[in-house]
Amino acid sequence: MTTAGLRPLMDMFMIKTNKFFLSAVILVVAALGQPAYGAGRIYNGSAWRDTDGNAINAHGGGMYYENGYYYWFGENRRGMRSYGVSVYRSEDLMNWESLGLALTPTGDKKNTLQDIAEGRTIERPKVIKCEKTGKYVMWAHWEDGNDYSKARVMIAQADKVEGPYSLVRTLRPNGAESRDQTVFVDSDGTGYHFSSSEDNMTMHLAVLSDDYLIPTENWTRIFAGKQYEAPAIMKINGTYIGFFSGCTGWRPNPGHVATTRNLMGEWNDLGNPCVDANAETTYTSQPTYALKVEGYDYAYMYMGDRWNSSNVETSTYVWLPVMLRTGVPFLRWFDSWNPSMFETLDAIRRAESISDGNTYVLLSRMADRIVSLNDNKLCLLDDDDARMLNFVFEATGESDTYKLRRDGGDDYLTASSSGVSLQPGDDTVSQKWVLERQSDNFYIVSSPKDGKILSVRDASMANGAELELIPRTGASKARFGVYFDSRRFDYPENSPWGERNSSGVENVLNERSSMPVISYENGKLIVRVEESASRRPIAVTLYDLGGRVVAVDSVMAVDGTAVLEYPSCRSGMYIVKVVDNGQPVSMKIAVSK
Ligand code: DGJ
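Residues numbered from 1 in each chain as written. Predicted model: local features only at pLDDT ≥ 70, side-chain atom pairs only at ≥ 80, totals over all residues. Heavy atoms only, no water.

### Let's talk about the nonpolar core
One finds Met-63, Trp-72, Phe-243, Val-293, Trp-319 and Phe-393 to be the most contacted residues of the largest nonpolar core, which totals 83 residues. For this core, the element with the highest residue contribution is strand β20 (residues 316-323), accounting for six residues. What Phe-393 contacts, discounting residues up to four positions off in sequence, is Ile-354, Ser-355, Asp-356, Gly-357, Asn-358, Tyr-360, Leu-362, Tyr-402, Lys-403, Leu-404, Leu-435 and Val-482. In this structure, Ile-116, Tyr-136, Ala-156 and Ala-158 belong to the second largest nonpolar core, which totals 20 residues. (Core = buried A, V, L, I, M, F, W, Y, C linked by side-chain atoms within 4.5 Å. Buried < 20%, exposed > 50% of the residue type's maximum accessible area, 1.4 Å probe, protein only. Helix = DSSP H or I, 4+ residues; strand = E, 2+ residues; numbered from the N terminus. Contact = heavy atoms within 4.5 Å.)

Right, here's the structure in full:
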């Protein structure tokens, strides 16, 4: 059942906030098979305990969902040593019951490499079910326990989800190295194996046999030369989304999110999905799995490991909701969160178009955060029903021009010289807004008073970032989406994940160029960036050809451009390195005086 079917209940939830109604709703929702998340929280980066009070030992893990339970499989470690695969189960993603070892080291080491004896290294286990054979199949990275040079996969099989799993074989897919790996089952039942190969330089992607026990010869290379590992794959309608890391051993690095409509074809690399502080280390985590959270239409969870390289057993976990509403998958940071957050994440939907008298929220394209009222200030906030602003759009009769009245109040979104506020209704131009739809289905919102556009102070994406009005320039990325609360309204929707919108037009995924472009023009170093860079300062380092640092700067891009001047540089060749959003780009420039 989707949230749409629960709308009447949710309405009740919105209106009645006393404890009795709250627990009544939770009970009814639980009875309907909807997840009930109660009061617990997922605490990122801290030691998690199972329901017996023991530390959860399930690293590089993956999930499998069946009959109301999530099964979490992961590397069982004793210090640095690998010791089989643990399995836990949970109904709510927060309380985990240990079911022991799904795969136990057995037998003796054989020099054929076909064993799971104690001392072998088994990493990144993932379990899928084969509907054809009725068996559960586990794929994992297998090493002989000495180093990472064997680069094989282990395939094991079981009759029950929790195991015991028995070894089928270890192998190198189509003869190629296979280290970090995952398996993914498409909606048509076809299985796929992703693995870092060719010295981890290039990822290999192979179609599995019908019984999921062997990779077929139908395989391809993706992200050639990019050195990606830690694959985690999910699919929304016809779009596949992959999370990957760079390749720096146990140390975290900037992650990547990529999308494609053709798994074996070209992937569109959207850069680092992280938008909050510590993005450059993927919030000190490395991806391991992307989980479809049951009970919602668009609810997925990123699962990552926060490795302790000196004692892998004590590594912790980082799980975050994947922000999907803008069409670019983002990861925001939460110290802790409850999966009921998916209620609003899933309920706030993009409207097909603006209709006079309808009620909408404005969602920032750059942050997937909603325009809200906090301490009397208009700002972007994480989803919060009490503070998000629902605006009734009142047509003015002029083209694409509306007044935005706060739902339930008689105050309107009003422009001042540089800011916005809510003011009692009047007939001035300050309360009119022109909404120009862009090709990505987001809007530039401008004030006809002086043509300034609605933006966010310092182009910030942060929780609490204040709204402001800025002069319009060609490079501006300040756009807002017109969304609505589907728990309250049943408007035509234009999901960024629909292959076609309701007018039959193919949806174009929002694209985000991740790499800054560096140029040297008229004595000035110009760094042009897409929206990603304007979220935080970008780091620029200038080296001479001997590799000596000549200058180090940190600049904010304004409207997509950062300009730096180095008057003290002599004429000559320099190397400039720019790090934006965790992504380094360097080039040689000739400075002439
Ligand atoms: C990074 C991988 O993602 C981990 O699974 C593990 O293999 C470490 N490298 C070992 O250095």
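### Observations concerning the sheet that holds strand β2 (residues 59-66)
The antiparallel open sheet is built from four strands, whose spatial order is β2-β3-β4-β5. The strands lining the two open edges of the sheet, one partner per strand, are β2 and β5 (97-103). Across this sheet, the average inter-strand angle for adjacent strands is 30°, counted without regard to direction. For strand β4 (residues 81-90) and β5, the ladder comprises four bridges, and the chain directions are antiparallel. Of the residues in β5, the one forming a bridge with Ser-86 is Leu-101. (Pairing = 2+ DSSP bridges. Axes fitted to C-alpha atoms, helices over the stretch in contact; angles between N-to-C directions.)

### Here's the deal with the pattern of salt bridges
Applying the stated criterion to the full structure yields 34 salt bridges. Among the ionic pairs, Asp-269 bridges to Lys-226, the shortest N-O distance being 2.7 Å. Of this pair, Asp-269 sits in strand β17 (residues 268-269) while Lys-226 sits in the loop between β13 (215-222) and β14 (229-236), and the two are 43 residues apart along the sequence. Taking the relative accessible area as the measure of exposure, Lys-226 reaches 39% and is therefore partly exposed. Salt-bridge contacts for Arg-457 lead to Glu-466; the nearest nitrogen and oxygen are separated by 3.6 Å. (Salt bridge = Lys/Arg side-chain N within 4 Å of Asp/Glu carboxyl O.)

### Looking at the confidence of the model for the protein
Scored by pLDDT, the protein has a mean of 86; 85% of the residues are at 70 or more. A low-confidence stretch, residues 510-514 stays under pLDDT 50, and its non-local contacts, those more than four residues away or across chains, total 26 contacts. (pLDDT = per-residue confidence, 0-100.)

### What to know about the side chain of Glu-229
Residue position: Glu-229 is located in strand β14. No salt bridge forms around the buried Glu-229; measuring N to O, its nearest opposite-charge neighbour Arg-124 is 6.0 Å away. Among the polar contacts listed, one links the side chain of Glu-229 to the side chain of Gln-286, at a separation of 3.3 Å. When neighbours within four sequence positions are excluded, Glu-229 is seen to be in contact with Asp-180, Ser-196, Asn-200, Met-203, Phe-244, Ser-245, Gly-246, Cys-247, Thr-248, Gly-249 and Gln-286. (Lys, Arg positive; Asp, Glu negative; His and termini not counted. Polar contact = N/O pair within 3.5 Å; in protein donor to acceptor, adjacent residues only side chain to side chain.)

### Describing the site of the ligand
Neighbouring the ligand are Glu-123, Arg-124, Tyr-148, Asp-180, Glu-229, Gly-249, Trp-250 and Gln-286. One of the side-chain N or O atoms of Glu-123 is found 2.6 Å from an oxygen atom in the ligand. Taken by itself the ligand offers 290 Å² of open surface, and the protein chains cover 90% of this. Looking at side-chain class alone, the shell around the ligand contains two nonpolar, two polar and four charged residues. (Near = heavy atom within 4 Å. Areas by Shrake-Rupley, 256 points an atom, 1.4 Å probe, with all protein chains shown as cover. Nonpolar A, V, L, I, M, F, W, Y, C, P; charged D, E, K, R; others polar.)

### Observations regarding empty space enclosed by the protein
Evaluated as defined, the whole model comprises seven cavities of 30 Å³ or more. When residues in the lining of the largest cavity are grouped by element, the largest group, three residues, is from strand β23 (residues 348-350). As a volume, the second largest cavity reaches approximately 60 Å³. In terms of lining, the second largest cavity is formed by Pro-173, Asn-174, Ala-176, Glu-177, His-193, Ser-195, His-204, Leu-205, Ala-206 and Trp-219. Mapped by element, the contributors of at least two residues to the lining of the second largest cavity are β11 (191-197) and β12 (202-208). Element by element, the count of residues in the lining of the second largest cavity is highest for β12, at three residues. (1 Å grid on protein atoms, 1.4 Å probe; cavity = no way out; pocket = protein on both sides within 12 Å on 5 of 7 lines; lining within 4 Å. Points joined across faces, edges and corners; volume = space filled by probe spheres on them.)

### Overview of the packing of aromatic side chains
This structure, assessed with the given rule, holds 30 aromatic pairs. A centroid spacing of 4.8 Å and a plane angle of 55° characterise the contact between Tyr-65 and Tyr-70, whose relative ring orientation is tilted. Note on Tyr-65: relative accessible area 31%, which makes it partly exposed. Under the relative-accessibility criterion, Tyr-70 is labelled buried at 2%. (Phe/Tyr/Trp six-rings, centres within 6.5 Å; stacked < 30°, edge-to-face > 60°.)

### Topic: the side chain of Thr-239
In this structure, Thr-239 sits in strand β15 (residues 239-245). A polar contact of 3.1 Å, which involves the side chain of Thr-239, links it to the side chain of Arg-261.

### Here's the deal with the sheet that holds strand β7 (residues 136-143)
Spatial strand order, β6-β7-β8-β9: four strands in an open sheet with antiparallel pairing. Only two strands of the sheet have a single partner each, and these edge strands are β6 (121-129) and β9 (166-171). On average, each strand axis in the sheet is tilted by 20° relative to the strand beside it, whichever way the strands run. The pairing of β6 with β7 spans seven bridges and is antiparallel. When the bridges of β7 are listed, Ile-122 appears paired with Trp-142.

### Focus: the environment of Gly-271
Inspection of the secondary structure puts Gly-271 in the loop between β17 and β18 (286-292). Gly-271 sits 17 residues away from Pro-254 along the chain, and the two C-alpha atoms are 8.5 Å apart.

### Remarks on the pairing of β15
Each regular strand displays side chains that alternate between the two surfaces of the sheet. The element β15 is largely enclosed, with a buried count of seven among its seven residues. Of the two faces of β15, the one carrying Thr-239, Ile-241, Phe-243 and Ser-245 and the one carrying Tyr-240, Gly-242 and Phe-244 are both buried. Relative to β15, β14 runs antiparallel, the two being bridged by six bridges. Following the sheet pairing, Lys-235 is matched in β15 by Tyr-240. For β15 and strand β16 (residues 256-260), the ladder comprises five bridges, and the chain directions are antiparallel. Paired with Phe-244 across the bridge in β16 is His-256.

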